[in-house]
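Okay, here's what each chain looks like letter by letter:
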Amino acid sequence: MNKVILMGRLTRDPEVRYTQGDNQMAIARYTLAVDRRFNRGNDENTADFISCVAFGKSGEFAEKYLRKGTKIAVSGRIQTGSYTNKDGVKVYTTDVVVEDQEFAESKNSNSEGGYGNNGFGGGNSQSAAPMAAGDGFMNIPDGIDEELPFN
C-alpha cells in the first residue's frame, strides 16, 4: 500500500501551470515544511521539506486558496521518477501526489508562523469570527459565499 498523510506549512505560494489542449488541467506544485516529531535531544526545530503535486480540481483549489505559511493536511501517495537534465545528468525525483488536501487551522489563527497578511480567502474579510450557533454549527456571515470552495 502506498499512502502518505502529512501536516505542514507551505514554504511558498503554489506554482500552478495548465496543460495544453482542449481539456486543460491545473497542475499545482508546492513544498510542505513538516516538523519532525522527535528532535533527538537537539534544541533546534527540524523539518522535512516535502514536494507535493496536485492535479485537476485539487490543483485549482491550491491555486485559489493556498498561500505561503498556510497550514494544511495532505493525503496522497508517493511517486518516484527520473529524467535527464540539460547537462546529461540523470536526476531522481520523489513527490507526494495529492489526493486530498484541507486546511489544518482556521484562517484567523494567530499561532506562530501563521498567515499574517497572507490570508487565503478573497477580499471579504470579516472583523469578527463567526460564532457557533446553539446547534453546534457555525454561522456563516452574509456576503462570503464566493469564498467558499464547496458552493
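Keep in mind it's a predicted model, so treat the numbers as computed, not measured. (Residues numbered from 1 in each chain as written. Predicted model: local features only at pLDDT ≥ 70, side-chain atom pairs only at ≥ 80, totals over all residues. Heavy atoms only, no water.)

Focus on the packing of aromatic side chains
Link 1 in the chain: Evaluation of the coordinates by the stated rule reveals 2 aromatic pairs.
Link 2 in the chain: Taken together, a centroid distance of 5.0 Å and an interplanar angle of 40 degrees make the contact between Phe61 and Tyr65 tilted. Separated by 4 residues within a single helix, Phe61 and Tyr65 lie in helix H1 (residues 57–65), roughly one turn from each other. For the pair shown, Phe61 and Tyr65 are each scored as buried.
Link 3 in the chain: Plain terms: the ring middles of Phe61 and Phe103 are 5.7 Å apart, the flat faces sit at 50 degrees to each other, and that makes the pair tilted. Separated by 42 residues along the polypeptide, Phe61 in helix H1 and Phe103 in strand E6 (residues 90–103) bring together distant segments of the chain.
Link 4 in the chain: A residue is classified by how much of its surface remains accessible, and Phe61, at 19% relative accessible area, is buried.
Link 5 in the chain: With a relative accessible area of 26%, Phe103 lands in the partly exposed category.
Link 6 in the chain: Cluster of aromatic residues (ring-pair linked, three or more members): Phe61, Tyr65 and Phe103. (Phe/Tyr/Trp six-rings, centres within 6.5 Å; stacked < 30°, edge-to-face > 60°. Helix = DSSP H or I, 4+ residues; strand = E, 2+ residues; numbered from the N terminus. Buried < 20%, exposed > 50% of the residue type's maximum accessible area, 1.4 Å probe, protein only.)

Details of H1
Counting along an α-helix, one turn takes 3.6 residues, and residues three or four places apart therefore face a common direction.
Link 1 in the chain: The complete set of buried residues in H1 reads Ser58, Gly59, Phe61, Ala62 and Tyr65. End-on view of H1: buried residues confined to an arc of 160 degrees, all on one side of the axis.
Link 2 in the chain: Of the surrounding secondary structure, the elements contacted by the buried residues of H1 are strand E2 (15–18), strand E3 (26–35), strand E4 (47–55) and E6. (Arc of directions from axis to C-beta. Contact = heavy atoms within 4.5 Å.)

From the geometry alone we can't say anything about function, so treat these as descriptive.
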